[in-house]
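Coordinate analysis (summary)
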Amino acid sequence: MELVDHLRDERNKAQFDVEAMKVVWAGSPQELQLCDRMANLVANHPAFEKLKRPMLVRKELFKNSLRKAAYARKLVIDLGLSEEEAKWLRFYIDEPTYPDLHWGMFIPAIEGQGSEEQKEKWLPLSRNMQIIGCYAQTEMGHGSNVQGLETTATFDAQQDHFIIHSPTLTSTKWWPGGLGKVSTHAVVYARLIVNGEFHGVHGWYNYYSFSFFLYLEDHSPLPGITVGDVGLKFGNGAYNTMDNGLLRFHHVRIPRNQMLMRVSQVSREGKYMQCDDVPRQLIYGTMVSVRQTIVAMVSRTLSRAVCIATRYSALRRQHSSSSLVVPCFLMIDYQSQQSRLFPLLASAYAFKFVGEWLKWLYTDVKQRLEANDFSTLPEAHASTAGLKSLTTSATVDGIEECMKLCGGDGYLVSSGLPELFAVSVPACTYEGDNTVLMLQVARFVVKTVSEVGYKEPLGTSSYIRRLNTLLHNNCLVQTGEDWVKGDRIVEAFEARAARMAVTCTQHLAKFQDPEQGFSELSADLVEVAVAHCQLIVVSKFVEKLAQDIPGKGVKEALEVLCYVYALFLVHKHQGDFLVTGYLTPKQASLANRQLRILYSRLRPNAIALVDAFNHTDHYLSSVVGRYDGNVYPNLYQAAFNDPFNDSHVPDGYHQYIHPILNQTLAKL
Ligand SMILES: CCCCC/C=C\C/C=C\C/C=C\C=C\C(=O)SCCNC(=O)CCNC(=O)[C@H](O)C(C)(C)COP(=O)(O)OP(=O)(O)OC[C@H]1O[C@@H](n2cnc3c(N)ncnc32)[C@H](O)[C@@H]1OP(=O)(O)O
Ligand SMILES: Cc1cc2nc3c(=O)[nH]c(=O)nc-3n(C[C@H](O)[C@H](O)[C@H](O)COP(=O)(O)OP(=O)(O)OC[C@H]3O[C@@H](n4cnc5c(N)ncnc54)[C@H](O)[C@@H]3O)c2cc1C
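Residues numbered from 1 in each chain as written. Chains lettered and ligands numbered in written order. Predicted model: local features only at pLDDT ≥ 70, side-chain atom pairs only at ≥ 80, totals over all residues.

**Concerning the overall build of the protein chain**
In terms of helices and strands, the protein chain carries 23 helices and 14 strands. Taken against the 2.2 N^0.38 rule, which gives 26 Å for 668 residues, the C-alpha radius of gyration of the protein chain at 27 Å falls within 12% of a compact globule. (Helix = DSSP H or I, 4+ residues; strand = E, 2+ residues; numbered from the N terminus. Rg over C-alpha atoms; globule rule 2.2 N^0.38 Å.)

Right, dumping it as structure tokens:
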């Protein structure tokens, strides 16, 4: 039977080579081929079916996710998949499970913080999954405030042991993924006590990582350990496939050599030693690594929501504004729908490109760290923290908007959007609460501004070198067309970021106690950080356009997306641009007018731009976002796939409805 493509007319409108755009989106022909292979491996295998997930109760759901993880492991071994292939396989299975933390945090923590000897011992065991690990940092009472962690690790010189203890209820380890039911090991952050002395009580270096055996072979916890799951989380399915755990220690002994010893050591005699040439911030290194990964992944999450909403918008018809009776308008042709949808489409591309750049920055910093060059760590910290915060917040808001853009059907689980929202929301909290992370960026920016004159700003903050120009030269835009020039756009974002940073730095200088100033101005400081991070995203998109981009019309389509992203932000944050005096109201309104022109240029390419994400229907898991656009029969069928429709008479009907119909309520 011939398949009907309900979106064919839309696809025919494309003004660029979709196959070439797929390569740009994936990053390279090799990446495209790799992702395509892994996505289809998952899509074509019944073991990875996921549509029934939201109907399962927690225990079934969890067992189901263990089955999938075990099956994935078998595929990795049977097919001899590389670590990179295995990573994409897990990604397309699309279900948070313990291997995410094992591969994503436990192993990187050992790699980054273990001594050579420890790496030699623990890494082969971990990579072969002979042990399964998690990352136990957060406690019930302390999440953002890592310095406040209460778990203690007291050195016992007599037995050459550390004694790990949870002295209070609030010191209970709380949230670590994979901890609740599965892990055999954990990297635990604890406060170090040697010879009765807390080390580094004033600094952030009083927390050390320990690796220890959590379970005996029969899988009951070691004596002195209480472990469990933190309980049901938001959303059906969603993050409930993960065993986020709780953990308490009652004077649990572990050998001294299980303290991760790259940053500092405790000797057999009980002497505490800090490695001179390694900064203490390195114990936060795993978070830098994961924040980078989150940015690399988040564009795909947003692209998924945008793909669903764009396809449905290009299919569903509603009345025109002049006639409430004739259903003639495609939803995507409403200007208001475009102004909500197209900036999200542009953001997905923007986040993809900034994610590629961040990966490059992180790879560079990682190589430097291995060679004990720590000079670029502050920038890597600020960029990973800020971009993780910016992109996850925008993505989660974007998924919610996509749900609304699909009307009532977006709210159905079969649209794929509610579960995507539920599974993505915690990204604003885990790996650092987004506001807390933006405050870290603000610290970095304010410090850079304060040091102007005796320390050269580098990398993402190099615009601060041109402070004088940015503070005094205002925008030169005179026509709408003037707004679609890369260097002009970047300069506008630089001027806004620089002016906001300088104003805040001046306000901070008025406080006698800098910390009090920082606290009182924290809301403004977050805005400074947002401006700095948006500048990074815009400038990396503009830099991308300066590269050689093959394929008919591909570069032109990307240019439109870049300007949509940037001018949408100019419009959204026009208050910043106006208050700092960089723009006049006329220039701001020209930007908005130009944005409308750009929407009309983007419109014919909309479906092709989401096709270029190359998402399989399995990955989308959305009735309204199907590739073939055959929505309505499938939407109808999906209703009958719900076990709730197995019978006309639900449980409880005879008991609770009949008495009302028969007026026999007194018998209840
Ligand atoms: C939607 C799509 C999703 C895609 C999903 C993909 C993957 C998902 C993967 C995993 C998710 C699952 C697991 C999640 C795990 C976790 O959540 S683990 C726990 C994470 N916890 C945190 O992130 C805690 C956040 N808090 C902190 O990082 C610190 O406490 C904070 C930095 C906020 C403050 O610490 P403090 O010691 O008080 O720092 P100061 O402000 O005094 O700064 C001291 C100096 O250290 C520098 N610094 C801080 N952090 C770092 C770092 N990470 N690296 C390098 N340097 C750092 C800071 O800049 C200061 O430097 P100066 O002295 O100013 O020079
Ligand atoms: C799904 C999920 C998975 C997780 N996985 C892990 C894991 O594997 N391992 C692990 O160790 N942890 C994990 N966590 C814990 C996570 O890292 C913490 O939840 C996170 O760091 C935030 O800490 P908190 O929950 O204590 O929030 P809090 O720090 O209590 O924050 C609550 C509110 O206070 C504000 N706030 C806090 N501090 C400040 C400040 N200094 N200035 C201004 N505002 C502030 C925040 O902005 C936020 O609005 C996970 C969490 C979730 C939700």
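**Brief notes about the UniProt feature "active site" (unreviewed entry) in the protein chain**
Here, UniProt's "active site" (unreviewed entry) annotation points to Glu 431. Summarising the element assignment, Glu 431 is placed in the loop between helix H11 (417–424) and helix H12 (434–450). Its 25 C-beta neighbours within 10 Å are what place Glu 431 among the buried residues. Ignoring sequence-local partners within four residues, the contact set of Glu 431 consists of Met 287, Val 290, Arg 291, Ile 294 and Lys 388. (UniProt positions renumbered as here; feature names shortened; annotations may be inferred. Buried ≥ 20, exposed ≤ 12 C-beta atoms within 10 Å, placed from the backbone. Contact = placed C-beta atoms within 7 Å.)

**Digging into the site of ligand 2**
The environment of ligand 2 is made up of 21 residues, and the closest members are Gln 137, Thr 138, Gly 143, Ser 144 and Trp 175. For the shell around ligand 2, the residue count by class is 10 nonpolar, 10 polar and 1 charged. (Near = placed C-beta within 6 Å. Nonpolar A, V, L, I, M, F, W, Y, C, P; charged D, E, K, R; others polar.)

**Observations regarding the nonpolar core**
The nonpolar side chains of soluble globular proteins are, as a tendency, buried together. Ranked by size, the top nonpolar core spans 181 residues in total, and within it Val 306, Val 354, Cys 402, Val 441, Val 564, Tyr 565 and Leu 567 carry the most contacts. The element best represented in this core is helix H9 (residues 335–370), accounting for 16 residues. Setting aside residues no more than four positions away along its own chain, Cys 402 makes contact with Ala 305, Val 306, Ile 308, Ala 309, Leu 344, Gly 410 and Leu 417. (Core = buried A, V, L, I, M, F, W, Y, C linked by C-beta atoms within 7 Å.)

**Considerations on the sheet that holds strand S8 (residues 225–229)**
One open sheet accounts for 3 strands, arranged S4-S9-S8; its pairing is antiparallel. Of all strands in the sheet, those with a lone pairing partner are strand S4 (173–174) and S8, marking the two edges. One ladder, built from 5 bridges, connects S8 with strand S9 (residues 245–249); its direction is antiparallel. Across the sheet, Asp 229 pairs through a bridge with Gly 245, a residue of S9. (Pairing = 2+ DSSP bridges.)

**What to know about the packing of helix H3 (residues 29–43) against helix H5 (residues 83–93)**
Put simply, H3 and H5 touch, their axes get as near as 9 Å, and they point 50° apart. With respect to each other, H3 and H5 are oriented oblique. Handedness of the H3/H5 crossing: right-handed. Of H5, the residues touching H3 (which contributes Leu 34, Cys 35, Met 38, Ala 39, Leu 41 and Val 42) are Glu 85, Trp 88, Leu 89, Tyr 92 and Ile 93. Among the residues making up the contact of H3 with H5, the classes are represented as 10 nonpolar, no polar and 1 charged. (Axes fitted to C-alpha atoms, helices over the stretch in contact; angles between N-to-C directions. Parallel < 35°, antiparallel > 145°, perpendicular 65-115°, else oblique. Left-handed = near helix turned anticlockwise from the far one by under 90°.)

**Observations concerning the packing of helix H6 (residues 98–113) against helix H8 (residues 285–313)**
Look at H6 against H8: their axes get within 9 Å of each other, and the N-to-C directions meet at 135°. Here H8 runs oblique to H6, going by the angle between their axes. When you trace H6 past H8, the crossing you get is right-handed. Here Gly 104, Met 105, Pro 108, Ala 109, Gly 112 and Gln 113 of H6 come into contact with H8, specifically with Gly 285, Thr 286, Ser 289, Val 290 and Thr 293. Its residues assigned to classes, the contact of H6 with H8 comprises 4 nonpolar, 7 polar and no charged.

**Here we look at unusual backbone geometry**
Although it is not a glycine, Met 129 sits at a positive phi angle of roughly 55°. Examined against the element boundaries, Met 129 turns out to sit in the loop between helix H7 (116–127) and strand S1 (133–136). Classification of Met 129 by C-beta neighbours within 10 Å gives partly exposed; the count is 15. Here Asn 195, not a glycine, exhibits a phi torsion of approximately 50°, which is positive.

**Topic: the pairing of S1**
Side chains Gly 133 and Tyr 135 of S1 all project onto a buried face; the interleaved residues Cys 134 and Ala 136 project onto the opposite face, where all are buried too. With 4 bridges joining them, S1 and strand S5 (residues 185–194) adopt parallel strand pairing. When the bridges of S5 are listed, Cys 134 appears paired with Ala 186.

**Here's the deal with helix H19 (residues 585–602)**
Spanning 18 residues, H19 covers 26 Å between terminal C-alpha atoms, matching the ideal 26 Å at 1.5 Å per step. Residues of H19 that are buried: Gln 587, Leu 590, Ala 591, Gln 594, Leu 595, Leu 598, Tyr 599 and Leu 602. Residues of H19 that are buried in the fold lie against H9, helix H17 (554–572) and helix H20 (606–611). (Expected span 1.5 Å × (residues − 1).)

**Digging into the environment of Leu 470**
Along the chain, Leu 470 falls in helix H13 (residues 467–472). Leu 470 sits in the buried class, given 21 other C-beta atoms within 10 Å. Expressed as a C-alpha distance, the spacing of Leu 470 and Gly 386, which sit 84 residues apart in the sequence, is 22 Å.

**Quick word on the environment of Leu 179**
Mapped onto the elements, Leu 179 comes out in the loop between S4 and S5. On the basis of neighbour counts, which here come to 29 C-beta atoms within 10 Å, the residue Leu 179 falls in the buried class. Along the chain, Leu 179 and Asp 373 lie 194 residues apart, while their C-alpha atoms are 34 Å from each other. Those residues within four positions of Leu 179 in sequence are excluded, and the remaining contacts are Cys 134, Ala 136, Ala 186, Val 227, Asp 243, Gly 245 and Leu 247.

**Here we look at helix H23 (residues 653–661)**
Each full turn of the α-helix corresponds to 3.6 residues, which orients residues three or four apart in the same direction. Burial runs low along H23: only 0 of the 9 residues are buried. The first or second residue beyond H23 is Gln 663, which carries a positive phi of 55°.

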